[in-house]
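Structural description and commentary
Spelled out from the first residue to the last, the chains are:
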Amino acid sequence: VMYGDNKIIRDNLPAAKRLLDYYAAESPDGIRRGKGAYGDWLSLGTPSDLSAISTLYYTRLAGIVAWMCGVIRDTEEGKYTALFEKQKRVFRDAFMSEDGKILSDTQSLYAIAYKSDVITKDEAKRQLERKFGESGGRLETGFLGIKFLLPTLCDIGRSDLAYSIITSTEFPSW
């Protein structure tokens, strides 16, 4: 895509659309539960709610598919953009409290939600600073959350936290 070759999008967009169709059939209210739920394996501290993570990944995929449609000028871009917006509302209504906390309140959920455009930069900053304060500055994510954590910390102006995580020699560390 970076070099103008959209073949990878054309080859993979149909499968991504089918996965979204599956999610929609399995989760008519937009909340993914049970079967096929994602977990943040090997996380430390409170585990992330499986339905919250799975619903975030549903939302994230809808956003990615909308973007893919836009890149190749697929006629269904509007459909997937609307699904993405709907899923953001579903997630916020089902899993977020008035004060911006996400159900099960984990570093992973805030990082994934931010990188999926479900929460704002300010919301991510406030909640992640609180979570790192509670953990003594220690990493608590599992496999799913770690991919999003360091880029999120840098985006929200907390590269100092990202740096302290990657240079720590105490458990848990790199």
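Please refer to the structure placed before this passage.
Below you will find a few notes about this structure. Sequence positions are assigned chain by chain, starting from 1 and proceeding in written order. For this predicted model, a pLDDT threshold of at least 70 governs which residues receive local features, and a threshold of 80 or more governs which side-chain atom pairs are given and counted, while totals over whole chains, interfaces and linings are taken from all residues. Hydrogens and water are ignored here; the side-chain numbers use all heavy atoms of the structure.

1. Brief notes about the overall build of the protein chain
Helix and strand definitions follow DSSP, with helices as H or I runs of at least four residues and strands as E runs of at least two, each counted in order from the N terminus. A count of helices and strands for the protein chain gives seven helices and zero strands. Helices and strands in the protein chain line up, N terminus first, as α-α-α-α-α-α-α. Rg of the C-alpha trace for the protein chain: 17 Å, near the compact-globule value of 16 Å for 174 residues, within the 12% margin. Looking at the protein chain residue by residue over its 174 residues, the buried ones come to 45%. Throughout, a contact is declared for two residues whenever any of their heavy atoms are within 4.5 Å. Of all intrachain contacts in the protein chain linking residues separated by at least 6 positions in sequence, the fraction that spans at least 24 positions is 68%. For the protein chain, the exposed area adds up to about 9300 Å²; of that, 56% sits on carbon and sulfur atoms. Here Asp and Glu are counted as negative and Lys and Arg as positive; His is not counted, and neither are the chain ends. We put the charge of a Lys on NZ, of an Arg on CZ, of an Asp on CG and of a Glu on CD. Across the protein chain, the 24 positively charged side chains and the 24 negatively charged ones have centroids separated by 3 Å. Throughout, the radius of gyration refers to the C-alpha atoms, and the reference size of a globule is 2.2 Å times the residue count to the power 0.38. Summary of the burial criterion: residues with accessible area below 20% of their type's maximum are buried, those above 50% are exposed, and those between are partly exposed, where the area comes from a 1.4 Å probe applied to protein chains only. Here the Shrake-Rupley method, with its probe set to 1.4 Å, supplies the accessible areas, and only the displayed protein chains count as covering residues.

2. Digging into helix α1 (residues 7-26)
Expected helix span is taken as 1.5 Å per residue step, with the number of steps being one fewer than the number of residues. In this model, α1 (20 residues) spans 30 Å end to end at C-alpha, consistent with the 28 Å of a helix rising 1.5 Å per residue. Fitting axes to the seven residues that end at a residue and to the seven that start at it, the angle between those axes gives the bend at that residue. Most pronounced at L13, the bend in α1 amounts to some 35 degrees, and the proline P14 follows within four residues. Looking only at α1, the buried set comprises I9, L13, A16, K17, L20 and Y23. Residues of α1 that are buried make contact with α2 (50-72) and α3 (77-95).

3. Some words on the nonpolar core
We define the nonpolar core as a collection of buried residues of types Ala, Val, Leu, Ile, Met, Phe, Trp, Tyr and Cys that are connected through side-chain atoms lying within 4.5 Å of one another. Formed by 31 residues in total, the largest nonpolar core has its most connected members in F91, I102, I119, L149 and L153. Breaking this core down by element, the ones donating at least two residues are α2, α3, α4 (107-115), α5 (121-134), α6 (143-155) and α7 (159-167). Considering every element that reaches this core, the biggest residue donor is α4, with six residues. Ignoring sequence-local partners within four residues, the contact set of I102 consists of F91, F95, M96, L109, Y110 and A113. In terms of nonpolar packing, the next biggest core, distinct from the first, is built from 16 residues, A16, A62, C69 and I72 among them.

4. Some words on the side chain of Q107
Inspection of the secondary structure puts Q107 in helix α4. Of note is the side chain of Q107, whose polar atom sits 3.0 Å from the backbone oxygen of R138. Residue contacts for Q107: discarding those within four places in its chain leaves L128, K131, F132, S135, R138, L139, E140, T141 and L149. Polar contacts, as counted here, are pairs of nitrogen or oxygen atoms within 3.5 Å of one another; within protein the pair requires one atom able to donate a hydrogen and one able to accept it, and residues that are adjacent in sequence qualify only if both atoms are side-chain atoms.

5. Some words on unusual backbone geometry
That bond from F171 to P172 is cis: its omega, -10 degrees, falls within 30 degrees of zero. Of note, P172 is situated in the segment after α7. Positive phi, close to 50 degrees, is recorded for D105, a residue that is not glycine. You can call D105 buried: its relative accessible area is 16%.

Function-wise, these values are silent; they only describe arrangement.
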